[in-house]
Amino acid sequence: MTEISAALRTATGDLSSAGVPSPRADAEILLAHVLQTSRGDMVRMAVLGKPLSDEQDGTYTELIRRRVAREPLQHLTGTAPFADLELLVGPGVFVPRPETETLVAMAAADLAGISKPIVVDLCTGSGAIPLALRQQVPSARVIGVELSPEAHAWAKRNATHTGLDVDMRLGDAGHAADELIGLVDLVTCNPPYVPTDAIPIDPEVAQHDPSMALYGGSADGLAIPLAMAARAAELLKPGGVLLMEHADVQRQSLLAALSKTEKWADLSDHDDPTGRPRVARAVRA
Ligand SMILES: C[S@@+](CC[C@H](N)C(=O)[O-])C[C@H]1O[C@@H](n2cnc3c(N)ncnc32)[C@H](O)[C@@H]1O
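Residues numbered from 1 in each chain as written. Predicted model: local features only at pLDDT ≥ 70, side-chain atom pairs only at ≥ 80, totals over all residues. Heavy atoms only, no water.

Colleague: Any chance you could explain the packing of aromatic side chains here in plain terms?
Modeller: The geometry of an aromatic ring pair is captured by the separation of the ring centres together with the interplanar angle, meaning the angle of the planes. In the structure shown here, the tally under the stated rule is zero aromatic pairs. Lying over the aromatic face of tryptophan 154, arginine 157 brings its terminal NZ or CZ to 4.3 Å of the ring centre. (Phe/Tyr/Trp six-rings, centres within 6.5 Å; stacked < 30°, edge-to-face > 60°. Lys NZ or Arg CZ within 6 Å of the ring centre and 35° of its normal.)

If you want it as structure tokens, here you go:
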């Protein structure tokens, strides 16, 4: 029998040696997952000197081995927190990131005061953005569009799992929702935007996020984002808003490219809570 506190100490050491960025937090989250309890409860059990059963110990050892091999934490627990939701994730779908919550907060602010707004999320992945928006703005009609069949399946699963009414569509977002041209109040988009030859450093990203979710299709990473902005310009009504996430180095280049199209009346850019440039906002002229 292994005591919880001893298992945590060993796991934290192993994760730290493997270069996992937050070894103690990951060790705790995975142990709480094995014990099917909250982190707080797990810590209380550790303080009381509770042991793991042999089965729990075996399951935990295997999860730590996989995390040491740099499988994403969220693939091991099967869930990712996003805004006020707990989403289902796994191989084949981009794990939603906390920085994207900035875009959701801006979107909810833009929708305030619009009665029954229409929202289209291009490149929806797990459905994180449209589901969070539908939760925060229940009067909105919300559509999410995703090209990858695997990711689309996760988005559908998440709509069922959360019980939120979002129309998850499979297809190229560059040609999405023809019936809504000129009628949409808000387009949100966190597109693939990594420059083609900039391989992400973290193994969790480089080896486990689908490449279709990462690479923006050109040396500057902006080919797909600009194709999505062009579709947004077609979908939005005059005065409608586009919110698009981008890499911190793309603030100037994305705004300059959007400005050149002369489709946008008002362009601005916003930092995420860590102070990095993150979300472009453009109002349809
Ligand atoms: C960076 S991920 C973002 C996923 C999700 N919006 C989020 O914030 O977690 C980009 C997503 O765009 C999808 N994608 C790439 N090209 C697309 C296209 N032409 N049409 C629709 N989706 C596309 C990818 O499969 C991936 O799921």
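Colleague: Help me understand the sheet that holds strand S7 (residues 167–170) in this model?
Modeller: Two modes of strand pairing occur in sheets, parallel and antiparallel, and in both the strands are linked by backbone hydrogen bonds. Taken in spatial order, the seven strands make up an open sheet running S7-S6-S5-S8-S9-S11-S10, and their pairing is mixed. Of all the strands in the sheet, the pair left with one neighbour each is S7 and strand S10 (264–271). Looking at each pair of strands side by side, their axes are set apart by 15° on average, direction ignored. Pairing between strand S5 (residues 118–122) and strand S8 (residues 184–189): four bridges, direction parallel. Bridging from a neighbouring strand, leucine 122 pairs with cysteine 189 of S8. Across the sheet, helix H6 (residues 101–111) lies against S5, S8, strand S9 (236–245), S10 and strand S11 (277–284), angled at about 165° from S9, the strand it touches most. (Pairing = 2+ DSSP bridges. Helix = DSSP H or I, 4+ residues; strand = E, 2+ residues; numbered from the N terminus. Axes fitted to C-alpha atoms, helices over the stretch in contact; angles between N-to-C directions. Contact = heavy atoms within 4.5 Å.)

Colleague: Sorry if this is basic, but what is going on with the packing of helix H1 (residues 4–17) against helix H3 (residues 39–47) here?
Modeller: Packed helix pairs are characterised by how far apart their axes lie and by the angle those axes make with each other. Between H1 and H3, the least distance of the axes is 7 Å, while the angle of their chain directions is 115°. The orientation of H1 relative to H3 falls into the category roughly perpendicular. Of H3, the residues touching H1 (which contributes Ile4, Ser5 and Leu8) are Met42, Met45 and Ala46. When its residues are assigned to classes, the contact of H1 with H3 shows five nonpolar, one polar and no charged. (Parallel < 35°, antiparallel > 145°, perpendicular 65-115°, else oblique. Nonpolar A, V, L, I, M, F, W, Y, C, P; charged D, E, K, R; others polar.)

Colleague: Is there a simple way to think about the pattern of salt bridges in this case?
Modeller: Two side chains that carry opposite charge are able to pair once their charged atoms sit near each other. Counted under the stated rule, the structure contains 19 salt bridges. Glutamate 62 is paired through a salt bridge with arginine 65; the nearest N and O atoms lie 2.8 Å apart. Residue glutamate 62 and its partner arginine 65 are located together in helix H4 (residues 54–68), separated by three residues, close to a single helical turn. Residue classification places glutamate 62 among the partly exposed residues on the basis of a relative accessible area of 35%. The class for arginine 65 is partly exposed, based on a relative accessible area of 48%. Among the salt bridges present, the one from arginine 231 reaches aspartate 178, with a minimum N-O distance of 2.6 Å. Taken together, the residues span a long stretch of sequence, with arginine 231 in helix H11 (residues 223–235) and aspartate 178 in the loop between S7 and S8 at a distance of 53 residues. Assessed through its relative accessible area of 6%, arginine 231 is described here as buried. Salt bridges here are not isolated pairs; linked through shared partners, they connect Asp26, Arg67, Arg70 and Glu204. (Salt bridge = Lys/Arg side-chain N within 4 Å of Asp/Glu carboxyl O. Buried < 20%, exposed > 50% of the residue type's maximum accessible area, 1.4 Å probe, protein only.)

Colleague: Any chance you could explain the environment of glycine 19 here in plain terms?
Modeller: Note that glycine 19 resides in the loop between H1 and helix H2 (23–35). Distance in space between the C-alpha atoms of glycine 19 and serine 5 is 21 Å, their sequence separation being 14 residues.

Colleague: Explanation requested: helix H8 (residues 149–162) in the structure shown.
Modeller: Given 3.6 residues per turn, any residue in an α-helix points the same way as the ones three and four places further on. Taking 1.5 Å of rise per residue, the 14 residues of H8 would be expected to cover 20 Å, and the 20 Å separating its terminal C-alpha atoms lies within 8% of that figure. Lining the buried residues of H8 we find strand S4 (85–88), helix H7 (128–136), strand S6 (141–146) and S7. Following H8 by one or two positions, glycine 163 has its phi on the positive side, about 70°. (Expected span 1.5 Å × (residues − 1).)

Colleague: Teacher, can you tell me more about H1 here?
Modeller: Over its 14 residues, H1 extends 20 Å from the first C-alpha to the last, a length consistent with the 20 Å expected when each residue adds 1.5 Å. The inward-facing, buried residues of H1 abut strand S1 (2–3), H2, H3, strand S2 (51–52) and H4. Just downstream of H1 lies glycine 19, where phi reads positive at about 80°.

Colleague: So what exactly am I meant to see when it comes to the site of the ligand here?
Modeller: Lining the immediate environment of the ligand, one finds 19 residues, of which Cys123, Glu146, Asp172, Ala173 and Asn190 sit closest. Measuring from a nitrogen atom of the ligand, one finds a backbone N or O atom of leucine 147 at 3.2 Å. Within the side chain of aspartate 172, a nitrogen or oxygen atom sits 2.9 Å from a nitrogen atom of the ligand. Relative to its unbound accessible area of 600 Å², the ligand is 96% covered by the protein chains. (Near = heavy atom within 4 Å. Polar contact = N/O pair within 3.5 Å; in protein donor to acceptor, adjacent residues only side chain to side chain. Areas by Shrake-Rupley, 256 points an atom, 1.4 Å probe, with all protein chains shown as cover.)

Colleague: Is there a simple way to explain the pairing of S7 in this structure?
Modeller: Two faces belong to every sheet, and in a regular strand the side chains alternate between them. Inspection of the sheet shows S6 paired to S7 by four bridges, in the parallel sense. Bridge pairing in S7 links glutamate 146 to leucine 170. Taken together, S6, H8 and S7 constitute a β-α-β crossover, and its handedness is right-handed. (Right-handed = clockwise from strand over helix to strand, strands pointing away.)

Colleague: For this particular structure, what's the right way to read the domain arrangement of the protein chain?
Modeller: One frequently used descriptor of interface size is the decrease in accessible area upon assembly of the parts. Considered domain by domain, the protein chain is made up of domain 1 (2–69) and domain 2 (79–284). If you average the C-alpha positions of domain 1 and of domain 2, the two centres end up 34 Å apart. (Domains from an automatic or database assignment.)

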